[in-house]
Amino acid sequence: YLERADLNLCNLETPLAPAGGPYAAYPMFSTPPELATSAKRVGFDVCTTASNHSVDQGTEGLVRTLDTLDAAGIASTGTYRTPEEADEVLIVEANGVKIAIIAATFSLNGLYAEYDWQVDYPLQPERAIEKAVKARELGADIVIGAQHAGTEYVTEPNWEQVENAEA
């Protein structure tokens, strides 16, 4: 299935642990770093990293996750190592088409990023629209907006998801 696609995107909801762990489950996740190489091996090209668990392992876990994805050859957006990265728009190319990906999350589960620019949070349509305009100015043919939002265990969109999508 993934091999047939020109571009495969995933949401990496959890921060990646150091090699060998420690690993942790709910409510403060820390998952094996091999997840990145496995995702690449099965065909994923880009992972969004803005989620309610983005800062479960603090700045160290956030940066480690991005470094591990980079080492695996997977582009990412939604969390950032520097303010300069946070201002950039991820644009990838597939079959000659330039595709921008913008991601944000509705929650950090009551936690806080060490710096406001580290996670595209809170999910604000205005900020996503600003990034979309910038992406078009940079030559993006398509802009994909990925929102990490919704009511857990519910398959229908909630009012927030609908309003954000419409905006």
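What you are looking at is a predicted structure, and each value in this text was computed from that prediction instead of being measured. (Residues numbered from 1 in each chain as written. Predicted model: local features only at pLDDT ≥ 70, side-chain atom pairs only at ≥ 80, totals over all residues. Heavy atoms only, no water.)

Turning next to the pattern of salt bridges. Taken as a whole and assessed by the stated rule, the structure comprises 5 salt bridges. The closest approach of N and O atoms between Glu-60 and Arg-64, which form a salt bridge, is 3.4 Å. Residue Glu-60 and its partner Arg-64 are located together in helix α2 (residues 58–72), separated by 4 residues, close to a single helical turn. Look at Glu-60 and you get exposed, because its relative accessible area is 60%. The salt bridge partner of Arg-81 is Asp-67, with a shortest N-O separation of 2.5 Å. On the criterion of sequence distance, the pair formed by Arg-81 in the loop between β3 (75–77) and α3 (83–87) and Asp-67 in helix α2 is long-range, its members being 14 residues apart. Take Arg-81: its relative accessible area is 25%, and that puts it in the partly exposed class. (Salt bridge = Lys/Arg side-chain N within 4 Å of Asp/Glu carboxyl O. Helix = DSSP H or I, 4+ residues; strand = E, 2+ residues; numbered from the N terminus. Buried < 20%, exposed > 50% of the residue type's maximum accessible area, 1.4 Å probe, protein only.)

Turning our eyes to something else, we now look at helix α4 (residues 125–137). With 13 residues, α4 should reach 18 Å at 1.5 Å per residue; the first-to-last C-alpha distance of 18 Å fits that figure. Considering only its buried residues, α4 is in contact with α3, β4 (90–94), β5 (97–105), β6 (142–148) and α5 (159–166). (Expected span 1.5 Å × (residues − 1). Contact = heavy atoms within 4.5 Å.)

What follows is about the packing of helix α1 (residues 34–42) against α2. In contact at an axis separation of 9 Å, α1 and α2 are set at 35° when each is read in the N-to-C sense. Crossing hand, α1 versus α2: right-handed. Of the residues in α2, those touching α1 at Ala-36, Thr-37 and Lys-40 are Thr-68, Leu-69 and Ala-72. Its residues assigned to classes, the contact of α1 with α2 comprises 3 nonpolar, 2 polar and 1 charged. (Axes fitted to C-alpha atoms, helices over the stretch in contact; angles between N-to-C directions. Left-handed = near helix turned anticlockwise from the far one by under 90°. Nonpolar A, V, L, I, M, F, W, Y, C, P; charged D, E, K, R; others polar.)

Glancing now at the sheet that holds β6. Taken in spatial order, the 3 strands line up as β4-β5-β6 in an open sheet, and their pairing is mixed. Single-partner strands in this sheet number two, and they are β4 and β6. Strand-to-strand twist of the sheet, defined as the mean angle between neighbouring strand axes without regard to direction, takes the value 30°. Sheet topology note: the β4/β5 ladder contains 5 bridges and is antiparallel. Paired with Ile-91 across the strands is Ala-100, a residue of β5. (Pairing = 2+ DSSP bridges.)

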